[in-house]
Amino acid sequence: MIKVRHFLLVALLVILLQAVIDKYLTLNSNLYLILAPIIVFLMPIQLRGIPMLLAAFGIGLLSDLLGNGILGLNASAMTAMVLLRYPLIRAFTNENSLEKYPYPCQLSMGSGRFFLYLVLLYFLFLSIYILWEGAGILPSPLLVGRIVVGTVINAALGFLFTWLIIREE
Amino acid sequence: MGKHTSFLQIFAIAITFLLLEGVCVLLISKNSILQQTQLVLRLRQIQQIGWQRVERRRYADKLESINEILFRENQQLLAQNQRLLELVAEQQYRDSAQVLEAQNRFQYIPAEVIRNETDRQHNVIFLNKGRADGVRPDMGVVTTRGIIGFVNGVSEHFCQVVSLLDIDRGITGTLAKSNTFGPIRWDGVRHNQVIMDEIPIHTTYAIGDTVVSSGYSQLFPKNIPIGTVASHKLIDGVSHRLYLDLFEDFRSLHFVYIVYNNQETEIESL
């Protein structure tokens, strides 16, 4: 289980990975590999409300500054996505698990529900991100395709990443 | 967000969320011309729908007076028609048929005003007809009581018209009695008065004389009434400036006609 003091290291790791992906891993212009939201997904459950919104906005803005996209896209998507985070955690986790594991993860939610948690949040994030970027410019089927493919691949990557760093002590 | 979140907290969260999203929208529009264009386009569409609704409500309120205007217009048209029929029937001038033929050069697209400005130096009017209805930039816009302006921008279902009430634009008019022409422009002072300049000092005219469109431009047909001479002033001892009271009340515009010149392309190719 990751400790609170380790959280900043995880965040730093994700940001570095994101920077590497942005620079060297552009597989296809229609496929977005975005790891930055994982920081928001894994934030302590106690963090919610206005501090959570500000944290999401800050992380989004940092991703925008480090990445090569349009400044404000990540920040907008991340800020909107975070509204759904706490209701999903409440829906997928019971009180006992929350006391034992203060982070949303496969250990507190179970693998299936954690993957669904990632899918739903990524779906919201990518919907806002991709619509901001291409609505009115690109054809609708392409936009929907980008959202669906991006959601599945990013959720799988997020799940794998979480599985690698979070283990039962 | 929380299980026991109070109304005040929800309100604070909503305000914070809207503020942060507002910052994001600003950042995105500042940093990408494509997104900025899309934003402006969407906002403009929403505005146009709003203007159309407001204008329809105003129109419903003004139905009675509009009916009266239409009735008077109809009377004028009937009288005009009668006069033309008499002219043709009696063959008072040979070229009256040619005059009618010339008038057929133009076709008219009826349109409704959805937004109208009269209180600025550069006034614009929005109409509910666009590209889908055959409207193109640089078409004239008239009513039976005067020249209104010309089409400046066109979207699929709407168009923007540069009003005659724009201090930088003008038209050419003719004194109906003497056939003397001169440029007409708005001085930005009164919404019901324009100025006609460069009238030679030897020209004879009287207060109340009618000024009509000259037909020299390809935008407007000839002889569209514009206004009557209200007063005049001598300029530098060489020409007269006429102040014209407009026939059309720009503040109660509702129905207009967009003018399409059938022969414009042919004339321009010369």
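In what follows, the structure referred to is the one given above.
Cut-off values and rules
Residues numbered from 1 in each chain as written. Chains lettered and ligands numbered in written order. Predicted model: local features only at pLDDT ≥ 70, side-chain atom pairs only at ≥ 80, totals over all residues. Heavy atoms only, no water. Pairing = 2+ DSSP bridges. Helix = DSSP H or I, 4+ residues; strand = E, 2+ residues; numbered from the N terminus. Axes fitted to C-alpha atoms, helices over the stretch in contact; angles between N-to-C directions. Contact = heavy atoms within 4.5 Å. Buried < 20%, exposed > 50% of the residue type's maximum accessible area, 1.4 Å probe, protein only. Core = buried A, V, L, I, M, F, W, Y, C linked by side-chain atoms within 4.5 Å. 1 Å grid on protein atoms, 1.4 Å probe; cavity = no way out; pocket = protein on both sides within 12 Å on 5 of 7 lines; lining within 4 Å. Points joined across faces, edges and corners; volume = space filled by probe spheres on them. Buried area = accessible area lost by both parts, 1.4 Å probe. Salt bridge = Lys/Arg side-chain N within 4 Å of Asp/Glu carboxyl O. Polar contact = N/O pair within 3.5 Å; in protein donor to acceptor, adjacent residues only side chain to side chain.

Focus: the sheet that holds strand β2 (residues 122–127) of chain B
Residues and elements named next belong to chain B. Reading around the circumference, β1-β2-β5-β4-β3-β12 is the order of the 6 strands in this closed barrel, with antiparallel pairing throughout. Put simply, the sheet's adjacent strands are angled 45° from each other on average, direction ignored. Two elements, strand β1 (residues 106–116) and strand β12 (residues 255–261), share 7 bridges in a ladder whose sense is antiparallel. Following the sheet pairing, proline 110 is matched in β12 by tyrosine 257. Contacting β1, β2 and β12, helix α2 (residues 33–61) runs over the sheet at an angle of about 95° to β1.

Re unusual backbone geometry
Residues and elements named next belong to chain B. If you check the backbone angles, aspartate 138 has positive phi at about 70° while not being a glycine. Secondary-structure assignment places aspartate 138 in the loop between β2 and β3 (140–143). Residues other than glycine seldom take positive phi values, yet asparagine 179 does so here, at roughly 65°. Note on placement: asparagine 179 falls in the loop between β6 (170–175) and β7 (181–185). The exposure class of asparagine 179 is exposed, given its relative accessible area of 55%.

Side note on the nonpolar core
Residue and element names in this part refer to chain A. Residues Val40, Phe41, Met78, Tyr117, Phe125 and Tyr129 are the most contacted members of the largest nonpolar core, which totals 58 residues. Residue contributions to this core peak at 11 residues, all from helix α4 (residues 73–92). When neighbours within four sequence positions are excluded, tyrosine 129 is seen to be in contact with Tyr32, Ile34, Leu73, Asn74 and Ala77.

Looking at the sheet that holds strand β9 (residues 210–213) of chain B
All names here are of chain B. Taken together, the 6 strands give a closed barrel; going around it, the order is β6-β7-β8-β11-β10-β9, and neighbouring strands pair in antiparallel fashion. For this sheet the average axis-to-axis angle between neighbouring strands, irrespective of direction, equals 40°. As paired strands, β6 and β7 are joined by 5 bridges and run antiparallel to one another. Paired with glycine 170 across the bridge in β7 is arginine 185.

Brief notes about empty space enclosed by the protein
All names here are of chain A. Here the structure, examined in full by the defined rule, presents 2 cavities of 30 Å³ or more. Here the largest cavity defines a volume of roughly 40 Å³. Residue lining of the largest cavity: Ile15, Gln18, Ala19, Asp22, Ala36, Ser63, Leu66 and Gly67, and that is the complete set. Among the secondary structure elements, those contributing two or more residues to the lining of the largest cavity are α1 (7–24) and α3 (50–66).

Some points on the interface of chain B and chain A
Contacts between the two partners involve 21 residues from chain B and, on the opposite side, 25 residues from chain A. The junction of chain B with chain A conceals about 2,000 Å² of combined surface from both sides, 78% of it contributed by carbon and sulfur atoms. Linking chain B with chain A are 0 salt bridges, by the criterion used here. At the boundary of chain B with chain A, the tally comes to 3 residue pairs in polar contact (both at pLDDT 80 or more). Mapped by element, the contributors of at least two residues to the side of chain B that touches chain A are α1 (7–31) and α2 of chain B.

Here we look at the environment of glutamine 48 of chain B
All names here are of chain B. Relative to the helices and strands, glutamine 48 resides in helix α2. Linking glutamine 48 and lysine 233, residues 185 residues apart in sequence, is a C-alpha distance of 42 Å. If we skip the residues at most four places from it in the chain, glutamine 48 touches Ile114, Phe126 and Phe158.

Interpretation note: all reported values are geometric properties and have no functional meaning in isolation.
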